[in-house]
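# Topology and contacts: notes
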Amino acid sequence: MANLETTYLGLKLRNPLVAASSGLTSSVEKIREMETAGIGAVVLKSIFEEQINNEVTSLLLKDSQNTAYPEAEDYIKGYLRSNTVTKHLELLKAAKEAVEIPVIASINCVSAEEWITFAKDFQDAGADALELNIFYVPTDRTERPGMAEQLYLDVLKKVKMQVSVPVAVKFGVHHSNIVGMADKLMAHGADSIVMFNRFYEPDIDLEKLELTSSEVFSFPHDIRRSLRWVGLVSSILPKLEIAASTGIHDGKAVLKQLLAGARVAQLCSTLYINGSDVVPRMLEEITDFMKKWNFKKIDDFRGRLSYKNISDPLVYERSQFMKYFSNRN
């Protein structure tokens, strides 16, 4: 019988399916539903630094008296941050009591300010691990190359000073050297990386002449954004665990990421589109694949088609459709 058990961030998971941080992991009821469906672990909905900062700004601008005294401004900032953290701590504690699967807390941050010390509160509340969801858009043309990467390292360093639980870093695909970035994160204490984040992206409504958001959900073909890098990083940095993310809509996509070397696969869009019922279907696809190839456990095939294990590793490096176009008339 196929054994789907694996480990991630030092935690024992019954299978490699992890519910990514989203609105679907913002209530105990939804988390319990996913556990019943068979999910291996959940990442709680993130606490958003950007959202807190926006709420502070909105409240300060709403009433001029709020900015009349520096003490009042400091009080508002402190209250909103404390209140937001308290709500997330309550969710974490309730989830830990309600389910047996690992529960990972998530922090979405854009700076390395002192508020990251709240990470220790999540650890003390029982989080099995932490996921840092870092996002930064360089807009200063005089900013030196490498400063964005340094921000990630600074945030990670500060958090690692506060906690002892495992820490994963979730980042986007837009880095000049993804393998080098992964290496630096590992050197600064990251126990895992999540590749890749799906950030908010703008669009333009031509009918209203307004800025709006682009498509929220991923598509199955978006797996191409991470598959190459999972295969490369897992080979070059074998001690660094990888959680694959984006474009994973069925069991076949999970299998592809595992074959490339991923430790687990994070699910989000498919849970929104198909509901938690997609989880047992994905697990069945993985089990059928393992039976077909006579694999007894996940490690029997994990990384089998990674950069270092294929006969032509240049396939992972190729940047042009050479084979396709060479055969076209």
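In the block above lies the structure referred to throughout.
A short tour of the structure in this document, coming up. (Residues numbered from 1 in each chain as written. Predicted model: local features only at pLDDT ≥ 70, side-chain atom pairs only at ≥ 80, totals over all residues. Heavy atoms only, no water.)

When helices and strands are counted, the chain shows twelve helices and 13 strands. Counting the 329 residues in the chain, one finds 46% classified as buried. A fraction of 70% describes how many contacts in the chain between residues 6 or more apart in sequence connect residues 24 or more apart. Per element, the accessible surface of the chain, about 17,700 Å² overall, is 52% carbon and sulfur. (Helix = DSSP H or I, 4+ residues; strand = E, 2+ residues; numbered from the N terminus. Buried < 20%, exposed > 50% of the residue type's maximum accessible area, 1.4 Å probe, protein only. Contact = heavy atoms within 4.5 Å. Areas by Shrake-Rupley, 256 points an atom, 1.4 Å probe, with all protein chains shown as cover.)

With the rule as written, the count across this model stands at six aromatic pairs. Where tyrosine 307 meets tyrosine 316, the ring centres are 6.3 Å apart and the plane angle is 75°; that geometry is what we call edge-to-face. Judged by relative accessible area, tyrosine 316 falls into the buried class, the value being 12%. Through pairs of rings, three or more aromatic residues link up here, namely Phe289, Phe295 and Phe301. (Phe/Tyr/Trp six-rings, centres within 6.5 Å; stacked < 30°, edge-to-face > 60°.)

The side chains of a regular strand alternate between both faces of the sheet. Residue alternation in strand β13 (residues 264–267) divides its side chains into two sets, Val264 and Gln266 and Ala265 and Leu267, and both sets are buried. Bridge count for strand β3 (residues 17–19) against β13 is three bridges, and the pairing is parallel. Residue alanine 19 lies in a different strand from β13, and its bridge partner there is leucine 267. Pairing of strand β12 (residues 241–244) with β13 involves two bridges; the strand directions are parallel. Bridging from a neighbouring strand, alanine 243 pairs with valine 264 of β13. Crossover handedness for the path β12 to helix α8 (residues 251–260) to β13: right-handed. (Pairing = 2+ DSSP bridges. Right-handed = clockwise from strand over helix to strand, strands pointing away.)

Going from methionine 195 to phenylalanine 196, the amide bond is cis rather than trans, its omega being 0°. One non-glycine residue, leucine 209, lies in the positive phi region at around 50°. Mapping leucine 209 onto the fold places it in the loop between β10 (202–205) and β11 (210–213).

Buried within helix α6 (residues 178–187) are the following residues: Ile178, Val179, Met181, Ala182 and Leu185. Down the axis of α6, the buried side of the element spans an arc of 160°, and every buried residue falls inside it. Residues of α6 that are buried make contact with α5 (147–162), β8 (167–171), β9 (192–195) and α7 (224–236). Among the residues of α6, the N-terminal cap falls to asparagine 177, whose side-chain oxygen and the backbone nitrogen of valine 179 are separated by 3.4 Å. Positive phi appears at glycine 189, one or two residues downstream of α6, with a value of about 110°. (Arc of directions from axis to C-beta. Polar contact = N/O pair within 3.5 Å; in protein donor to acceptor, adjacent residues only side chain to side chain.)

Nonpolar side chains collect at one region of the surface, where Ile204, Leu206 and Leu211 lie side by side and expose about 370 Å² of accessible area between them. Tracing the backbone shows isoleucine 204 in strand β10. For isoleucine 204, a relative accessible area of 54% translates into the label exposed. (Patch = residues over 30% accessible without salt bridge, like charges linked within 9 Å, V, L, I, M, F, W, Y side chains within 5 Å. Salt bridge = Lys/Arg side-chain N within 4 Å of Asp/Glu carboxyl O.)

Let's shift gears to α7. Here α7 is 13 residues long and its end C-alpha atoms lie 19 Å apart, about the 18 Å a rise of 1.5 Å per residue gives. The complete set of buried residues in α7 reads Ser226, Val230, Gly231, Leu232, Val233, Ser234 and Ser235. Elements that come into contact with the buried residues of α7 comprise α6, β9, β12, α8 and α11 (314–317). (Expected span 1.5 Å × (residues − 1).)

Right, let's get into the pattern of salt bridges. Applying the stated criterion across every chain, the model contains nine salt bridges. The closest approach of N and O atoms between arginine 225 and aspartate 222, which form a salt bridge, is 3.6 Å. Accessibility expressed as a relative area gives 4% for aspartate 222, which makes it buried. A salt bridge links lysine 297 to aspartate 300, with the shortest nitrogen-to-oxygen separation between them at 2.9 Å. When its relative accessible area of 29% is taken as the criterion, aspartate 300 is described as partly exposed. Overlapping salt bridges, with partners in common, bring together Asp222, Arg224 and Arg225 in one network.

What follows concerns the pairing of β10. Relative to β11, β10 runs antiparallel, the two sharing four bridges. Bridging across to β11, aspartate 205 finds its partner in glutamate 210. Connecting β10 to the antiparallel partner β11 that follows it, the hairpin turn spans four residues, and leucine 209 within it adopts a positive phi of roughly 50°.

What follows is about the packing of α5 against α6. Put simply, α5 and α6 touch, their axes get as near as 10 Å, and they point 20° apart. Judged on the interaxial angle alone, α6 and α5 are roughly parallel. The crossing of α5 and α6 is right-handed. Within the contact between the two elements, α5 uses Glu149, Tyr152, Leu153 and Leu156 and α6 uses Met181, Lys184 and Leu185. (Axes fitted to C-alpha atoms, helices over the stretch in contact; angles between N-to-C directions. Parallel < 35°, antiparallel > 145°, perpendicular 65-115°, else oblique. Left-handed = near helix turned anticlockwise from the far one by under 90°.)

So, about the side chain of serine 106. Turning to its location among the elements, serine 106 is positioned in strand β6 (residues 103–109). Since its relative accessible area comes to 1%, serine 106 is described here as buried. In this structure the side chain of serine 106 is engaged in a polar contact, spanning 2.4 Å, whose partner is the side chain of serine 46. Setting aside residues no more than four positions away along its own chain, serine 106 makes contact with Ser21, Val43, Leu44, Lys45, Ser46, Ile47, Glu131 and Asn133.

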